[in-house]
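Structural characterization, general
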Amino acid sequence: MYTQAMDLPNPDGSPSLASVDSEAREAAFNDRAGRGEIVEARDWMPEAYRKTLVRQISQHAHSEIVGMLPEGNWVTRAPSLKRKTILLAKIQDEGGHGLYLYAAAETLGVSRDELLNALHTGKAKYSSIFNYPTLTWADIGVIGWLVDGAAIMNQVPLCRCSYGPYARAMVRICKEESFHQRQGFDLLLTMAKGTDAQRAMVQDAVNRWWWPVLMMFGPHDKDSQNSELSMKWGIKRITNDELRQQFVDATIPQGELLGVTFPDPELRWNEARGHYDFGPIDWTEFWNVVNGHGPLNRERLAARVAAWDEGAWVREAALAHAAKQAARERAAA
Amino acid sequence: MSDRKEWPLWEVFLRSKAGLDHKHCGSLHAADGAMALQMARDVYTRRQEGVSIWVVRADQIVASAPDDKAALFDPMADKIYRHPTFYELPDEVNHM
C-alpha cells in the first residue's frame with residue numbers, strides 16, 4: 001500500500017519490532033492498545049511504537065505528495081474543462097492528504113524538515129505505484145478507479161488505528177478519497193461508451209496497472225516483517241493478503257461493467273472459497289521498484305527535490321516578511 | 001540540513017456553521033497569522049466545511065499533562081449526584 005515499505009527491515013538500524021524489551025509499562029500499553037484504547041500524542045508510548053508510526057505515517061504522507069506527480073502530467077492535456085477542473089481538485093486533495101499526514105507524524109516529535117529530508121535523500125520510501133508512468137488519458141481514470149480504490153481498501157481500517165492523530169487524519173482522507181475513485185470510474189465509463197480506439201486505450205491502461213496495483217498491498221503475510229506487532233498494537237487491523245483479496249473481489253465485477261478484462265489467465269471465481277482466485281505476483285518486479293529501480297523512481301524524486309529547492313527563497317522571504325511585520329507592530333505598540 | 005528554518009506550526013479550528021462551536025480540525029505550518037488563515041482556508045474548507053476559522057500558534061497553547069490525568073479528572077468519577085439521573089422522582093413529575 002502507500003506504506004508497503006513497512007514490510008522492509010528498519011533502514012536506520014533502530015530496534016526491530018521483534019526485539020522490543022518488555023517492561024511492565026510496555027505490557028500495560030500493549031494491553032490497552034489490544035483493547036482498542038486510543039493513544040494520544042503526549043501519552044507515554046514504547047519507543048518502537050513511536051518509531052513504527054513515524055515510519056508508517058511519513059511513508060504514507062510521502063506517497064500522497066509524490067502521487068500528485070503522475071496526475072500532474074495530464075493537467076494541461078485533459079480533454080475538457082470539466083475533466084481538467086476535476087483533476088485539479090483531485091491533485092489538490094492529494095496535497096491536503098499529505099499535509100494531514102505530515103501533521104500527524106509531527107505530533108510524534110519529528111519535524112517536517114526531517115521528514116522531507118528523509119524523502120529527498122532517499123532514506124524514506126513512498127508507494128511503488130507512483131514510479132509507473134501515466135502514458136494515456138485512460139491512465140488517469142485507472143489511477144482513480146484502481147489505485148485509489150486499493151488505497152481506500154487499505155485506509156478504511158486505518159480510521160480505527162490506535163494512534164488518535166493518525167486515525168483522525170485517515171477519517172478526513174477517506175471522506176475525500178471516495179470522490180477520487182468515483183471520478184476515475186466515471187472517466188473510464190465515458191471512454192468505454194466511446195470509440196473502439198478509446199476502449200482499447202482503457203484496456204491497455206488496465207493491462208499495465210493491474211499487477212502494480214495488486215503489489216500495492218505489499219508482500220504476502222508470511223513475508224511481511226513487522227506485521228505481527230503492528231496488528232497487536234492496533235496500528236494495522238487487516239493483513240496484506242486479506243486486503244488484496246477484498247480488493248480483487250470488489251473490483252472484478254466493476255471491470256465487467258466497464259467491459260474490460262484483467263491480464264491474469266488464472267483469475268476465476270472460486271465457488272468453494274467464495275472469492276476470486278488470482279495468479280502469482282511478480283515479486284521481483286515489486287522489490288525492484290521498492291528499491292529504487294522502477295521506471296520512474298529517479299524522475300519522481302528529482303521532481304520533489306527540485307520543487308523543494310526552487311521554493312526555498314519563498315519560504316525564506318515569507319519568514320523575513322513575518323519578522324519585519326512583527327518588529328513594526330512591536331515598535332508601534 | 002539543521003540550518004533550515006521551519007515556518008512555525010499553527011493549530012486550526014473551524015466553525016462548521018453558525019450556532020456551533022469552533023472545533024479543532026488540524027495543523028499547518030505558516031510564516032505568520034495571515035498566511036496561516038489563508039492556508040487553513042485552502043486546505044480545510046475545500047468542501048464548505050466551515051464558515052469561520054481560528055488559527056493559533058501551537059507553541060502558545062497551554063495544555064494539561066497526560067500524567068496529570070488521574071489527579072485532574074478521576075475525582076469527578078464518584079460525584080454522580082451532579083447528574084440528573086441520580087435523582088429518582090415519582091412518575092407524576094415526569095419530564096422534570
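Predicted, not measured: the structure shown is a model, and the values here were computed from it.

With 23 residues of chain A in contact, the opposing surface of chain B contributes 24 residues. Across the interface of chain A and chain B, roughly 2000 Å² is buried in total on both sides, 51% from carbon and sulfur atoms. For the interface between chain A and chain B, the tally reads four salt bridges. With its nearest N and O atoms 3.5 Å apart, the salt bridge here joins B:Arg47 to A:Glu176. The tally of links from chain A across to chain B stands at eleven residue pairs in polar contact (both at pLDDT 80 or more). Going through the elements one at a time, helix H4 (81-106), helix H5 (112-120), helix H7 (164-192) and helix H13 (312-332) of chain A are the ones with two or more residues in the side of chain A that touches chain B. For the side of chain A that touches chain B, the element with the highest residue contribution is H4(A), accounting for seven residues.

Our focus in this paragraph is the packing of aromatic side chains. The way to describe two aromatic rings as a pair is by their centre distance and the angle between their planes. For the structure on display, the rule yields 17 aromatic pairs over all chains. Centroid distance A:Tyr132 to A:Trp209: 6.3 Å. Interplanar angle 55 degrees. Geometry classified as tilted. Taken as a pair, A:Tyr132 in the loop between H5 and helix H6 (137-158) and A:Trp209 in helix H8 (residues 196-215) lie far apart in primary sequence, 77 residues in all. You can call A:Tyr132 buried: its relative accessible area is 10%. With a centroid separation of 6.5 Å and an interplanar angle of 75 degrees, the aromatic rings of B:Tyr81 and B:Phe86 are classed as edge-to-face. Given a relative accessible area of 42%, B:Tyr81 falls into the partly exposed group. Its relative accessible area of 41% is what places B:Phe86 among the partly exposed residues. The rings of A:Trp145, A:Phe185, A:Trp210, A:Phe217, A:Phe247 and A:Phe262 are connected pair by pair, giving a single aromatic cluster. A:Arg315 extends its terminal NZ or CZ atom over the ring of A:Trp308, reaching a point 3.5 Å from the ring centre.

Another aspect to go through is the layout of surface pockets. The computed volume of the largest pocket comes to approximately 1400 Å³. Of all the secondary structure elements, the ones that give two or more residues to the lining of the largest pocket are H4 and H7 of chain A together with strand E1 (9-15), strand E2 (22-29) and helix H2 (69-73) of chain B. Top contributing element to the lining of the largest pocket by residue count: H7(A), with seven residues. Its residues placed into classes, the lining of the largest pocket shows 19 nonpolar, six polar and 14 charged.

Residue and element names in this part refer to chain A. All chains considered together, the criterion is met by two cavities of 30 Å³ or more. Along the wall of the largest cavity there are 22 residues; nearest its centre are Thr3, Gln56, Asn154, Lys236 and Asn240. If you list the elements that add at least two residues to the lining of the largest cavity, you get H6, helix H9 (227-232) and helix H10 (240-258). In terms of residue count, H6 provides more of the lining of the largest cavity than any other element does, three residues in total. Each residue belonging to the lining of the largest cavity can be placed in one class, and the counts come to eight nonpolar, eleven polar and three charged. Space inside the second largest cavity adds up to approximately 50 Å³. In this structure, the second largest cavity is lined by Tyr2, Ser63, Glu64, Gly67, Glu71, Lys90, Glu94, Phe130, Ile143, Val147 and Asp148. At the level of elements, helix H2 (47-66), H4 and H6 are the ones that each hand at least two residues to the lining of the second largest cavity. Sort the elements by how many residues they give to the lining of the second largest cavity and H6 lands first, with three residues.

Located in the positive-phi region is B:Gln48, a residue other than glycine, with phi close to 55 degrees. Take B:Gln48: it is sitting in the loop between helix H1 (33-44) and strand E3 (52-57).

Reading the values: rules and limits
- Residues numbered from 1 in each chain as written.
- Chains lettered and ligands numbered in written order.
- Predicted model: local features only at pLDDT ≥ 70, side-chain atom pairs only at ≥ 80, totals over all residues.
- Heavy atoms only, no water.
- Contact = heavy atoms within 4.5 Å.
- Buried area = accessible area lost by both parts, 1.4 Å probe.
- Salt bridge = Lys/Arg side-chain N within 4 Å of Asp/Glu carboxyl O.
- Polar contact = N/O pair within 3.5 Å; in protein donor to acceptor, adjacent residues only side chain to side chain.
- Helix = DSSP H or I, 4+ residues; strand = E, 2+ residues; numbered from the N terminus.
- Phe/Tyr/Trp six-rings, centres within 6.5 Å; stacked < 30°, edge-to-face > 60°.
- Buried < 20%, exposed > 50% of the residue type's maximum accessible area, 1.4 Å probe, protein only.
- Lys NZ or Arg CZ within 6 Å of the ring centre and 35° of its normal.
- 1 Å grid on protein atoms, 1.4 Å probe; cavity = no way out; pocket = protein on both sides within 12 Å on 5 of 7 lines; lining within 4 Å.
- Points joined across faces, edges and corners; volume = space filled by probe spheres on them.
- Nonpolar A, V, L, I, M, F, W, Y, C, P; charged D, E, K, R; others polar.

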